[in-house]
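Understanding the architecture of this molecule
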Amino acid sequence: MDLGAGVRSALSKITGASVVDENAISELVKELQRTLISSDVNVRLVFEITEKIKQKALQEKIHPSITLKEKIVKIVYDELVSTLGDRYEPEIKPKKILVFGLNASGKTTSISKLARFYTKKGLKTGVIAGDVHRPAAIEQLRQLSEEVKCDFFEKGKISPEKLALEGTVALKELKDEVIIFDSAGRSAFDEELKKELKEIYAAFKPDETFLVVSADIGQVAGKQAEEFSRTVPVSGVIVTKMDGSGKGGGALTSTRATGGKIAFIGTGEKPDDFEAFDSKKFISRVIGYPDLETLLEKVKELTEEKELTQAMETGEWNYTTFMIQLRSMKKIGPVKKIMQLLGMYDIPDEFMTKSEDKLKKFEAAVNSMTVEERNKPALVKIKARQERIARGAGVKPEEVRELTVNFDRVEKMYKGLKKNKGMLKKLGGLDLSKLGGL
Ligand SMILES: Nc1nc2c(ncn2[C@@H]2O[C@H](COP(=O)(O)OP(=O)(O)OP(=O)(O)O)[C@@H](O)[C@H]2O)c(=O)[nH]1
Ligand SMILES: [Mg+2]
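Thresholds, definitions, all that
Residues numbered from 1 in each chain as written. Chains lettered and ligands numbered in written order. Predicted model: local features only at pLDDT ≥ 70, side-chain atom pairs only at ≥ 80, totals over all residues. Helix = DSSP H or I, 4+ residues; strand = E, 2+ residues; numbered from the N terminus. Contact = placed C-beta atoms within 7 Å. Near = placed C-beta within 6 Å. Nonpolar A, V, L, I, M, F, W, Y, C, P; charged D, E, K, R; others polar. Axes fitted to C-alpha atoms, helices over the stretch in contact; angles between N-to-C directions. Left-handed = near helix turned anticlockwise from the far one by under 90°. Buried ≥ 20, exposed ≤ 12 C-beta atoms within 10 Å, placed from the backbone. Pairing = 2+ DSSP bridges. Expected span 1.5 Å × (residues − 1). pLDDT = per-residue confidence, 0-100. Right-handed = clockwise from strand over helix to strand, strands pointing away. Core = buried A, V, L, I, M, F, W, Y, C linked by C-beta atoms within 7 Å. Domains from an automatic or database assignment.

Within the protein chain, the secondary structure is distributed over 20 helices and eight strands. In the protein chain, the share of contacts with a sequence separation of at least 24, taken over all contacts with a separation of at least 6, comes to 74%.

Near ligand 1 there are 22 residues, and of these Gly106, Thr108, Thr109, Gly185 and Gly266 occur at the shortest range. Among the elements that line the shell around ligand 1, the one with the most residues is helix α5 (residues 107-120), at three residues. In terms of residue class, the shell around ligand 1 is made up of three nonpolar, twelve polar and seven charged.

Contact geometry of helix α3 (residues 43-59) with helix α4 (residues 68-84) gives a least axis separation of 10 Å together with a crossing angle of 145°. For α3 against α4, the interelement crossing comes out right-handed. In this structure, α3 contributes Ile49, Lys52, Ile53, Lys56 and Ala57 to the contact, and α4 contributes Ile72, Ile75, Val76, Glu79 and Thr83. Residue classes in the contact of α3 with α4 are distributed as six nonpolar, one polar and three charged.

Moving on to helix α10 (residues 248-257). Most of α10 sits inside the fold, with ten of its ten residues counted as buried. Gly248, Gly249, Gly250, Ala251, Leu252, Thr253, Ser254, Thr255, Arg256 and Ala257 are the residues of α10 that are buried. Directly after α10, the chain includes Gly259, whose backbone phi takes a positive value near 90°.

The strand order β3-β2-β4-β1-β5-β6-β7-β8 describes an open sheet built from eight strands, whose pairing is mixed. Here the strands that pair on one side only, and so sit at the sheet edges, are β3 (151-153) and β8 (274-276). Strand-to-strand twist of the sheet, defined as the mean angle between neighbouring strand axes without regard to direction, takes the value 20°. Pairing geometry for strand β2 (residues 125-129) and strand β4 (residues 178-182), over five bridges, is parallel. Paired with Thr125 across the two strands is Val178, which belongs to β4. Running at roughly 175° to strand β1 (residues 95-101), helix α8 (residues 191-204) makes contact with β1 and β4 of the sheet.

Moving on, we come to the pairing of β1. When you tally the buried positions in β1, you get six out of seven residues, the bulk of the element. Summarising the sheet, β1 and β4 pair through five bridges and their orientation is parallel. Directly across from Lys95, in β4, lies its bridge partner Val178. Pairing between β1 and strand β5 (residues 208-214): five bridges, direction parallel.

Over its 17 residues, α4 extends 25 Å from the first C-alpha to the last, a length consistent with the 24 Å expected when each residue adds 1.5 Å. Three or more residues of α4 are buried, namely Glu70, Ile72, Val73, Lys74, Val76, Tyr77, Leu80, Val81, Thr83 and Leu84.

As a further point, take unusual backbone geometry. Negative phi is the rule for most residues except glycine; trans is the rule for most peptide bonds. Despite not being glycine, Asp40 has its phi angle at roughly 70°, a positive value. Within the secondary structure layout, Asp40 lies in the loop between α2 (22-38) and α3. Judged by local crowding, Asp40 falls into the buried class, with 24 C-beta atoms found within 10 Å. Within the chain, Lys175 stands out as a residue other than glycine whose phi angle is a positive 70°. As for its position among the elements, Lys175 is in the loop between α7 (160-173) and β4. The exposure class assigned to Lys175 is exposed, which follows from the 9 C-beta atoms found within 10 Å.

To continue, consider the environment of Cys150. Tracing the sequence through the fold places Cys150 in the loop between α6 (135-148) and β3. For Cys150, a count of 23 C-beta atoms within 10 Å corresponds to the buried category. Along the chain, Cys150 and Val127 lie 23 residues apart, while their C-alpha atoms are 7.3 Å from each other.

Attention now moves to the confidence of the model for the protein chain. Looking at the protein chain as a whole, its pLDDT mean stands at 85, while 84% of the residues score no less than 70. Note that pLDDT drops below 50 for residues 429-438; the model gives that stretch ten contacts with residues more than four away or on any other chain.

Our next topic: the environment of Gln143. Positionally, Gln143 belongs in helix α6. Along the primary structure Gln143 and Ser112 are separated by 31 residues, whereas in three dimensions their C-alpha atoms are 9.6 Å apart.

Before going further, it helps to spend a moment on the pairing of β5. For β5, a buried count of six out of seven residues is recorded, marking the element as mostly surrounded by other parts of the structure. The parallel pair β5 and strand β6 (residues 236-240) is bridged by helix α9 (residues 220-231), and the resulting crossover is right-handed.

With that settled, the discussion passes to the nonpolar core. The nonpolar side chains of a soluble globular protein tend to be buried, and buried together. Membership of the largest hydrophobic core comes to 78 residues, with the highest contact counts inside it found for Val99, Ile180, Leu211, Val237 and Val239. In terms of residue count, α4 provides more of this core than any other element does, seven residues in total. Three or more residues apiece are contributed to this core by two domains, here domain 1 (3-84) and domain 2 (95-280). Ignoring anything within four residues of it in the chain, the contact list for Val99 reads Lys107, Ser110, Ile111, Ile180, Phe181, Asp182, Ser183, Phe210 and Val212. In this structure, Ala311, Val366, Ile389 and Val400 belong to the second largest nonpolar core, which totals 19 residues.

In structure tokens form, the structure reads like this:
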């Protein structure tokens, strides 16, 4: 049974039970233990995780609008998410990336996936064929780079350090912003591999380094991450073949347990079968609870409500709260009428005519921002950043500029409202959906 099926089956015991008592919780915990151990998660870690779940399930208070069963699903979700760590947020900026790992772990495939990923984010990308030992490797990378439409550099069988230097110069001439080096695999982590890796690292001077491991090695992934990071710094681990292995749980948790960061996961052979690791998204899929989305949505709304009220009260907006605001406005319909009802007549028309299309573009632009940009709206004023965001979102730079103008307006509007406390209260606590028919 794979991790998802096991966790789902364990949870179904709770969600199907007529009463959720200590017995039901013990049953859930036992089944979770079985399924985590069978996906090769370290036994000690399994007991730590399930003990926490048990404690929280028995002790934690719940929000009145959440049922006991929902609470338990949420606790299991939270605990598994926290075991796997934060989401990896790739920095969308020019950089050099070195990729390494043992034989057949999926390095070359992952490089083409990375190239597609950064190209989609609006950065011009090129790859260097650094696996000079296996003749077919160069051809494999050439074909993949054609498929994902990125630049490609090779120079046959010269030393990898020379290749790193010459490749960087050549690809920079082509105006490539992201340069990725494919290194040769070895069947074992031996002295030869260490030496070559160190030399490439010193010559190439990468900004990011990814170790590639295949999910089917389970817990061994953690050991490999540890070994490699003693030779060169490892900024993230790419776990491939998550689609075909029952040991993915072990590969992910052991990587985390040894201090590694999971950067991407590979979920198939095609260039798009790849995602920046997001433990929340991943665990949602594993849990697959039919109403999980609704439940998380409910919890999220409670949190968003809080964030929004906070932004309104402090007048401190960022692009995350701004998008929450725009989305909630979309839900409520004729905003202008409501605003007028509240005595606000001077709302700019562009702000009001948020057609579906524009909202989608704004949303795409916000998604293409880095976390820092979302939190520091001033950064989005910078022209180069606007251009990059636009490329990544597939919108025009003018549209990103328009977004910043709207952002400023909303911020200004709420700063104005802040002076008028009564009005702010009305807006904050207003269930505008009830006014939809105005
Ligand atoms: N199902 C699946 N297959 C994958 C994934 N990633 C890579 N593969 C397959 O794994 C095999 C090895 O991939 P490569 O990218 O050639 O591995 P490598 O690490 O570059 O191999 P060497 O250069 O020989 O060391 C290929 O058949 C890939 O198609 C994945 O996420 N899912
Ligand atoms: Mg390869």
